[in-house]
Amino acid sequence: MESVTRIEPREALSALEDIVIQRRATPHFTSEPVPGEVIDTALSVASQAPSGYNLQPWRFLVLTDAEQREKLRAAAFGQEKIGEAPLMIVAMAGRSDWQSRADDIFRTRAARTGTDWAQVVPVKQGALAFVGKLPPGVWENRQVMIAFTYLLLAFEFQGWDTAPMEGFDAAAVRRAFALPDDTEVVALLAVGRAREHDPVHPGRLPVSEIAYREQFGTPYVSRDSEESAS
Ligand SMILES: Cc1cc2nc3c(=O)[nH]c(=O)nc-3n(C[C@H](O)[C@H](O)[C@H](O)COP(=O)(O)O)c2cc1C
């Protein structure tokens, strides 16, 4: 993943825009399996997501086995598409799990940047103290959703359809897959081929209503439109 081919920025932007505008939450899937290399690539892209202090707390449970998907469906209010989609991914973070990797992560960074370990230790302690002050699960959700979004887009960019899902009972998911008690189950992703035409785009709030300019409440106006008006 570290070798980088520079893509012409306009081309990259136009591909991203096409994907995000055309993507819909897929309501029903065919049984066509998702090839292993597609899954590998998507997981590899997700692993490159940024995270606070680079702690990378996300973990992904990849389910293709029909019985395992049925277990997940039972823990997710019986949502039909979980049984249909040939691939389900549970995105989660376990506090003791990610904390146990913090030393490795900070050591790798120190080695790569040529920083003395003694200088890194207070940063690591500061990171853990910061996270420890937040209500349980808040920090994990913040981080995992970034990697989850990378994952979803990586499948879409490879021509597969996806459905993000929050309709599940986290305790039931933990029980079904014997996840440690301190696991925050963040989201589910169904992946496969849409069985029917995509639903219509349900619409989005305009940018002027979701972005502010300099002051909270002052609608964001593009600089370009201001310049062309003057
Ligand atoms: C985090 C998240 C959780 C969602 N959970 C569910 C779900 O449990 N079941 C479902 O049918 N759709 C779920 N959706 C799909 C949304 O309803 C859908 O994304 C939204 O209506 C916008 O439609 P679009 O994705 O086609 O643009 C979820 C979407 C997101 C982003």
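Conventions we followed
Residues numbered from 1 in each chain as written. Predicted model: local features only at pLDDT ≥ 70, side-chain atom pairs only at ≥ 80, totals over all residues. Heavy atoms only, no water. Helix = DSSP H or I, 4+ residues; strand = E, 2+ residues; numbered from the N terminus. Expected span 1.5 Å × (residues − 1). Buried < 20%, exposed > 50% of the residue type's maximum accessible area, 1.4 Å probe, protein only. Near = heavy atom within 4 Å. Polar contact = N/O pair within 3.5 Å; in protein donor to acceptor, adjacent residues only side chain to side chain. Areas by Shrake-Rupley, 256 points an atom, 1.4 Å probe, with all protein chains shown as cover. Nonpolar A, V, L, I, M, F, W, Y, C, P; charged D, E, K, R; others polar. Pairing = 2+ DSSP bridges. Axes fitted to C-alpha atoms, helices over the stretch in contact; angles between N-to-C directions.

### Let's talk about helix α8 (residues 138-157)
Since there are 3.6 residues in each turn of an α-helix, residues three or four apart along the chain are aligned in direction.
No. 1: For α8, spanning 20 residues, the distance from its first C-alpha to its last is 29 Å, which sits close to the expected 28 Å at 1.5 Å a residue.
No. 2: Those residues of α8 not exposed but buried are W139, E140, Q143, V144, A147, F148, L151, L152, A154, F155 and E156.
No. 3: Following α8 by one or two positions, G159 adopts a phi angle in the positive range, close to 90°.

### So, the site of the ligand
No. 1: The ligand sits among R23, R24, A25, Q79, K81, P164, M165, E166, G167, P202 and R204.
No. 2: Measuring from an oxygen atom of the ligand, one finds a side-chain N or O atom of K81 at 2.8 Å.
No. 3: Here P164 contributes a backbone N or O atom positioned 3.2 Å from a nitrogen atom of the ligand.
No. 4: For the ligand, whose free accessible area comes to 620 Å², the fraction covered by protein is 62%.
No. 5: Taken together, the residues that form the shell around the ligand break down as 4 nonpolar, 2 polar and 5 charged.

### A look at the sheet that holds strand β1 (residues 59-63)
No. 1: Across the sheet, 4 strands lie side by side as β1-β2-β4-β3; this open sheet has antiparallel pairing. With partners counted over all chains shown, the strands left at the sheet margins are β1 and β3 (161-165), one partner each. The average undirected angle you get between the axes of adjacent strands in this sheet is 25°.
No. 2: Of the strand pairs in this sheet, β1 and strand β2 (residues 87-94) are connected by 5 bridges, and their pairing is antiparallel. By the bridge assignment for β2, V62 is matched with I89.

Remember, this is a structural readout, not a statement about activity or role.
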